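Commentary on secondary and tertiary structure
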Amino acid sequence: GSEMCIRDSMNMNAVRCSHYPPDKSFLEICDSLGVYVLDELAGWQNAYSTGAGEKLVREMVLRDRNHPSVIFWSNGNEGGTNKELDDDFLKYDPSGRQVVHCHHRPGNDFNGIETNHYESYQSTARILEDSLIYMTAEFLHAQNDGGGGAGLRDYWELMYASERSGGGFLWALLDEGLVRTDLGGAIDVNLVNAPDGVLGPHREKEGSFYAIREIFSPVVISASPDAGNAGENVLPEDFDGTFRAENRFFFTNLQHCTFRWKLLDFPSPQEQLSGHRVLARGEVRGPDLEPGEKGTLHLGLPGDWQGAGGLRLEAFDPFGLRIMEWTWPAGESLEWLEASTGEGDFPPVSLEESDSLITLSANGIAVTFSKEDGLLREVKNNGQRTISFKNGPVPCQGDAVLEGIDQSREGKRYHLLFRYSGSLDRVAWTMHPDGWIEMNYSYTLSGEHPFAGISFDFEEGNVMSARWFGEGPCRVWKNRMDGTTLDVWAKAYNNTMAGSSPWQFPEFKGYHAGVRWMELNTLDGKILMAASDPLFVRLFEFYAFPDPTAHPPLPPGDLSFLDAIPPIGTKMSTGLNASAESTGPSGLPNTLDGTFEHTLYFNFGILP
């Protein structure tokens, strides 16, 4: 199937029509959008005979030669090339467009262009040092949630920086399936053989769709050379409204584009809202940058812009179509928490203790800890219903051996300090008289690890929805941090796995980036969690491939607060050139060396 999504939706500018010529109406659409087309003669692994192929080439070229979108002819795919047909294309094409061979092995270059498929990041770099132009006809196989946008940032920056790169074609646009009337209308994708796209069968958008849109954006904007904690993009301390800008259009000067900025205010958890409010807005013309040039974009923000919660920038092309948007945090994200906690008129925290357990209670909330290992064992809310948040924190890497417990009362508050040996250093709990619970923790890790942080057990079956302030709405991987934006998001529980029914996106479960607070709505009540620093939050057990052995390992437990998360590979992650490491630097394991300390806040009641 074709590998294109409309230019103004996905920022892709080329489509390979594999493995057969498209309907002529498709080419008319590509003509109107200015999309480049590689028009391909059918043939996969087995080529047409010369007699049959000559007729097919003649019909194909005569029909399509007047479409300006067609810039290449492709003679077959992956061994489906009959070389005796190469000169036939130009018999009928007076413009003499290039003929290429699409192959899955190197050494089959034609007309100075190498197209071989599924090279690793490392081998791609080596090929680009050769004298040939390298335009891979298939790379980053997008089956399920791997490939597509995962690893693409590394590949694309490598390609874009190389004079010998002709870019590449991602495989593929769509999950392809058949509606089975004998199975109640279910879509059959033949297990792992057909869900190869970044879109579902009815154009449902997976997380890689949004990542590709950002990575392929012809307007590149950056405020800081480095990302912040947990994948969060941050503004430099001396930011004055000036961004670095790069023009990756082929023909358009950025002065013909429009940039609109908005100062945002994000609702607090108490407001029970998602989205944001716009406090102020403005519009500027793009800088005078020709294609390929770099420069600056100055917004002219008001002097009090830092009082907003966030800054959003949107870019529009000369036709008024949105190209891309970016959002950065501006003000403090936990002011609401400071205003909502305090001793007030509440009685002091009460303490119950036995040989094995410690229970703290305040304002109708009771939390119980084990003296044996220091873990939270039980939470009860105002209605004395048990919320299944327990058995934590446990370190996601390494072990924890309880060495001692310290207890103290401070005014109406009560403190518990659990001291550990192992990777977990300490966990300090404070219960406030209004029922808020504060947990400060630290752990130390060195070496390579798939993830880093702490986990709790949580009953997935009781969860109905989530609302959070952070990057969203899609989940992320270490090598697919693009495609999300900062906002207050909400989504209902689902058990979607990319590439299979019900194609309900965004997936509920997975790694969520830059989380400041998150509220889970459960059958037993609500649990609100806030973090002193933005963290990755992992929700529940999930897999990105039907075969769990091909999926990156998951942290222990069900609910994790993480400083580092794993990357994901492509189709058949255990196969050749398909591991996450092969997709580039962001696919490498996390290298850690140090102590990580954070404070989490929990509320199991009803916020005032």
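Residues numbered from 1 in each chain as written. Predicted model: local features only at pLDDT ≥ 70, side-chain atom pairs only at ≥ 80, totals over all residues. Heavy atoms only, no water.

We now examine the pattern of salt bridges. Within the structure shown, the criterion is met by 28 salt bridges. Among the ionic pairs, Asp-145 bridges to Arg-475, the shortest N-O distance being 3.0 Å. Of the two residues, Asp-145 sits in the loop between strand 6 (133-139) and helix 6 (152-161) while Arg-475 sits in the loop between strand 28 (463-472) and strand 29 (485-492), which places them 330 residues apart along the sequence. Note that Lys-509 and Glu-460 form a salt bridge whose closest N and O atoms lie 2.9 Å from each other. Of this pair, Lys-509 sits in the loop between strand 29 and strand 30 (510-522) while Glu-460 is found in the loop between strand 27 (452-458) and strand 28, placing the two residues 49 residues apart along the sequence. Here the two residues Lys-509 and Glu-460 agree in accessibility, since each one is buried. Each of Arg-153, Glu-157, Glu-246, Arg-248 and Asp-482 takes part in salt bridges that share partners, so that together they form one network. (Salt bridge = Lys/Arg side-chain N within 4 Å of Asp/Glu carboxyl O. Helix = DSSP H or I, 4+ residues; strand = E, 2+ residues; numbered from the N terminus. Buried < 20%, exposed > 50% of the residue type's maximum accessible area, 1.4 Å probe, protein only.)

Quick look at the pairing of strand 10 (residues 219-222) now. What you see with strand 10 is a clean split: Val-219 and Ile-221 sit on the buried side and Val-220 and Ser-222 on the side with no burial. Alignment of strand 10 against strand 11 (residues 242-247), held across four bridges, turns out to be antiparallel. Across the sheet, the residue bridging to Val-220 is Glu-246, located in strand 11. (Pairing = 2+ DSSP bridges.)

Within the secondary structure, Arg-538 is located in strand 31 (residues 525-539). Using a relative accessible area of 0% as the deciding quantity, one classes Arg-538 as buried. A polar atom in the side chain of Arg-538 sits 3.3 Å from the backbone oxygen of Pro-555. Contacts of Arg-538, omitting those with residues within four sequence positions, involve Ser-455, Gly-510, Tyr-511, Leu-554, Pro-555, Pro-556, Gly-557, Asp-558, Leu-559, Ser-560 and Leu-562. (Polar contact = N/O pair within 3.5 Å; in protein donor to acceptor, adjacent residues only side chain to side chain. Contact = heavy atoms within 4.5 Å.)

The strand order across the open sheet built from three strands is 10-11-14, with neighbouring strands paired in antiparallel fashion. Across the chains shown, the open sheet's two edge strands, defined by having one partner strand only, are strand 10 and strand 14 (294-298). Across the sheet, the mean angle separating the axes of adjacent strands is 35° when strand polarity is ignored. (Axes fitted to C-alpha atoms, helices over the stretch in contact; angles between N-to-C directions.)

Right, let's talk about the sheet that holds strand 7 (residues 165-170) for a bit. Pairing within the open sheet is parallel, and its three strands lie in the order 5-6-7. The open sheet has two edge strands, strand 5 (113-114) and strand 7, and neither has a second partner. Contacting strand 6 and strand 7, helix 6 crosses the sheet at an angle of about 155° to strand 7.

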